[in-house]
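# Commentary on secondary and tertiary structure
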Amino acid sequence: MKDPYRVLGIPKDSTKIDIKAAYRKLARQNHPDLHQGDTKAEERFKEIQAAYQLLSDDDKRNQYDRGQIDAEGNPTFRSGGFGGQRRGGNAGGFGAGGFHDIFKDFANQARGQKAKGDPFADLGRGFGGGFDFSDGFGDETHPQRKGATVNCWLELDFAEAARGCKKTVRLPTGKELSVNVPAGFEDGQSLRLKGQGMPGLNGAPSGDAMVEIHIKPDPMFSRKGNDIHLDLPITVPEAVMGAKIEAPTIDGPVHVKVPEHANSGTTLRLRGKGIKAKDGTRGDQYVKLRVMLPEKSDKEFIEFVKSWSERKPYSVRAKKS
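On a predicted model such as this, the values are computed, not experimentally measured, just so you know.

## Here we look at the side chain of Q53
- Turning to its location among the elements, Q53 is positioned in helix α3 (residues 39–55).
- Residue class for Q53 comes out buried when judged on its relative accessible area of 14%.

Here it is, written out as structure tokens:
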């Protein structure tokens, strides 16, 4: 894989915030859902995911910066015993790779003989009593390692996030899963899918998938804690005389009563119509009324207001002291 810093387009002294911002920007631009059928875009997206997974992990990032692991997270072996290198072949007729393979085969044979009850299975213990050919080689040179975590994002409507929903998410591995998003998820929160990440090494468990939730701005609703806020326009007659009107909620429209003499800014409270909390209770919805004049100017209306204001003047702005 390419240098993760170059993949994300960031310098090596970038902060975690810089890394995350670069990842989110590139992930949005290269998400497979936006480039269906484009294999190059899919590969690019996988590179972005892998780069972020390495650089967002402090330990792996430090190891990479020190040259202890490569861009794929594999250990680097710059030198080895017996005059050879583990990677890239042997420097000589009996390099580290060949030495390891010979003793690995010997150890495997020893394990098999021991399992069958072969009396020579413990032959290695005769050399000082502490050298068992059937133990140690495979485990030390091929340690188990849990699979890497994969990251992706899922975009939801306001109502979907508020009520909870079931959505299909596509992982960087190409796998598609149906996930249940609990009610009340906030923008930027992540959903952990255990065991859905990269496969583990040498029989170790798979990593997890972290699905970051992004909530699209809603033209009507906004959220503050577990409460929902909404601006609702009303007509002049409704404001003056009061009325029973419909107000939207995440559960569907409900009827609310506008009191007589309602002003812009008058707020109605709808109990239990907000976001569901973890304990099962729900917040409230606050409906702020906005008195709206007719869209088109009406001469009769203007004359009426002019006549009325001359007879009934009043002030709404505080007098300056």
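## Regarding the sheet that holds strand β10 (residues 267–270)
- Pairing is mixed across the open sheet formed by 4 strands, whose spatial order is β6-β7-β11-β10. In the strand order of this sheet, the two ends are held by β6 (221–224) and β10, each with one partner. Each neighbouring strand pair of the sheet contributes to a mean axis angle of 30 degrees, computed without reference to strand direction.
- Relative to strand β11 (residues 285–292), strand β7 (residues 227–235) is paired through 8 bridges, and the arrangement is parallel. Looking at the pairing, I228 lines up with Q285 of β11.

## Here we look at α3
- Spanning 17 residues, α3 covers 24 Å between terminal C-alpha atoms, matching the ideal 24 Å at 1.5 Å per step.
- Of all the positions in α3, only A41, F45, I48, Q49, A51, Y52, Q53, L54 and L55 are classed as buried.
- Where α3 is buried, its residues touch α1 (4–8), α2 (16–30), α4 (58–65) and β1 (150–156).
- You can read the cap of α3 off the contacts: a side-chain oxygen lies 3.1 Å from the backbone nitrogen of K40, and it is on D38.

## Brief notes about the packing of aromatic side chains
- According to the stated counting rule, one finds 4 aromatic pairs in the structure shown.
- Considering the side-chain rings of Y5 and Y64, the 6.3 Å spacing of their centres and the 40 degrees angle between planes classify their relative orientation as tilted. Here Y5, found in helix α1, pairs with Y64, found in helix α4; they are 59 residues apart in sequence, far enough to count as distant. Each member of the pair Y5 and Y64 is classed as buried.
- For the ring pair W308 and Y314, a centre distance of 6.1 Å and an interplane angle of 75 degrees mean the geometry is edge-to-face.
- On the basis of relative accessibility, which here comes to 34%, the residue W308 falls in the partly exposed class.

Rules used throughout
- Residues numbered from 1 in each chain as written.
- Predicted model: local features only at pLDDT ≥ 70, side-chain atom pairs only at ≥ 80, totals over all residues.
- Heavy atoms only, no water.
- Helix = DSSP H or I, 4+ residues; strand = E, 2+ residues; numbered from the N terminus.
- Buried < 20%, exposed > 50% of the residue type's maximum accessible area, 1.4 Å probe, protein only.
- Pairing = 2+ DSSP bridges.
- Axes fitted to C-alpha atoms, helices over the stretch in contact; angles between N-to-C directions.
- Expected span 1.5 Å × (residues − 1).
- Contact = heavy atoms within 4.5 Å.
- Polar contact = N/O pair within 3.5 Å; in protein donor to acceptor, adjacent residues only side chain to side chain.
- Phe/Tyr/Trp six-rings, centres within 6.5 Å; stacked < 30°, edge-to-face > 60°.

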